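# Secondary and tertiary structure notes
Letter by letter, the chains look like this.
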Amino acid sequence: MYRQKLVDPNQRDSQRIVWKTSADASVKTYKLSTVTYGTVSAPFLATRTLKALADEERADFPDAADVISNDIYMDDVLSGESTLEGAKKLQTKISQLLLRGGFEMHKWVSNSPELLKDLSAPSYVLDKEFQEAPVKTLGIL
């Protein structure tokens, strides 16, 4: 997720890397253009980016914006609906909202095979242990 978030060009000097391929080679300088995993600010920047996107798209996707604002931790979303139809609509709206920010959802998990049937096989997991649960759950890992 971090590599999907671009850093403003004016701030890239703070992510400068100095590199030498050998002791006698010339020094090369690189500026990272995306959020760097492992830096102190990375978790905040990742979460804040998603919240800003949800705020910007709230008019078009109110339910999905609520999920992105309230049901997300880092790059995982755990949410659900009381009906299969509602869960499918929410799934679609979350995907559409995030695509507007350049994020493609993958690694879906659900206790309902119906929620996963239109997704490609590598992008989902069916949670058979909770398959009979009355509330359909929807998660993105």
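On a predicted model such as this, the values are computed, not experimentally measured, just so you know. (Residues numbered from 1 in each chain as written. Predicted model: local features only at pLDDT ≥ 70, side-chain atom pairs only at ≥ 80, totals over all residues. Heavy atoms only, no water.)

### With respect to helix 2 (residues 62-70)
Stated precisely, the cut-off is as follows: The buried label goes to any residue with under 20% of its type's maximum accessible area, the exposed label to any with over 50%, and the partly exposed label to all in between, with areas taken from a 1.4 Å probe on protein chains only. Secondary structure elements follow DSSP: runs of H or I of four or more residues count as helices, runs of E of two or more count as strands, with numbering from the N terminus. Residue contacts are counted whenever heavy atoms from the two residues lie within 4.5 Å of one another.
Of all the positions in helix 2, only A64, A65, V67, I68 and S69 are classed as buried. On its buried side, helix 2 packs onto helix 1 (42-57), strand 3 (72-73), strand 4 (76-81) and helix 3 (84-100).

### Regarding the packing of helix 1 against helix 3
Two measures define how a pair of helices packs: the angle their axes make with one another and the distance between the axes. This is how the line gets drawn: Each axis is a line fitted through C-alpha atoms, taken for helices only over the stretch in contact, and angles between the N-to-C directions span 0 to 180 degrees. With respect to orientation, any angle under 35 degrees is reported as roughly parallel, any angle over 145 as roughly antiparallel, any angle of 65 to 115 as roughly perpendicular, and every other angle as oblique. Only Asp, Glu, Lys and Arg are considered charged in this grouping, and only Ala, Val, Leu, Ile, Met, Phe, Trp, Tyr, Cys and Pro are considered nonpolar; every other residue, Gly among them, is considered polar.
Between helix 1 and helix 3, whose axes approach to 10 Å, the crossing angle comes to 105 degrees. Classified by the angle between their axes, helix 1 and helix 3 sit roughly perpendicular to one another. On the side of helix 1, the interface is formed by L50, L53, A54 and E57, while helix 3 contributes L97, L98 and R100. Its residues placed into classes, the contact of helix 1 with helix 3 shows five nonpolar, no polar and two charged.

### Considering the pattern of salt bridges
Quick reminder of the rule: A side-chain nitrogen of Lys or Arg and a carboxyl oxygen of Asp or Glu constitute a salt bridge if their distance falls within 4 Å.
One pass over the structure, following the stated rule, counts eight salt bridges. Residue R58 pairs with D66 through a salt bridge whose shortest N-O separation is 2.6 Å. A relative accessible area of 29% places R58 in the partly exposed class. Note that R100 and D60 form a salt bridge whose closest N and O atoms lie 2.6 Å from each other. On the criterion of sequence distance, the pair formed by R100 in helix 3 and D60 in the loop between helix 1 and helix 2 is long-range, its members being 40 residues apart. What makes R100 partly exposed here is its relative accessible area of 47%. Under the relative-accessibility criterion, D60 is labelled partly exposed at 47%.

### Digging into the packing of helix 1 against helix 2
Counted only if it meets this: Handedness of a crossing is defined here by the sense of rotation of the near helix relative to the far one, left-handed for an anticlockwise turn of less than a right angle and right-handed for a clockwise turn.
Relative orientation of the contacting elements helix 1 and helix 2 amounts to 160 degrees, with a least axis distance of 9 Å. By the angle class used here, helix 1 and helix 2 are roughly antiparallel. Crossing of helix 1 against helix 2: the hand is left-handed. When helix 1 is examined against helix 2, the residues L50, K51, A54 and D55 are found in contact with a partner set consisting of A65, I68 and S69. Its residues assigned to classes, the contact of helix 1 with helix 2 shows four nonpolar, one polar and two charged.

### Some remarks on the nonpolar core
Defined as follows: Buried residues of nine kinds, namely Ala, Val, Leu, Ile, Met, Phe, Trp, Tyr and Cys, make up a nonpolar core once their side-chain atoms join them within 4.5 Å.
Judged by nonpolar contacts, the single largest core of 18 residues is most densely connected at L50, I68, I94, L97 and L98. Counting residues per element, the ones that place at least two in this core are helix 1, helix 2 and helix 3. Excluding its chain neighbours within four sequence positions, the residues that come into contact with I94 are A64, V67 and I68.

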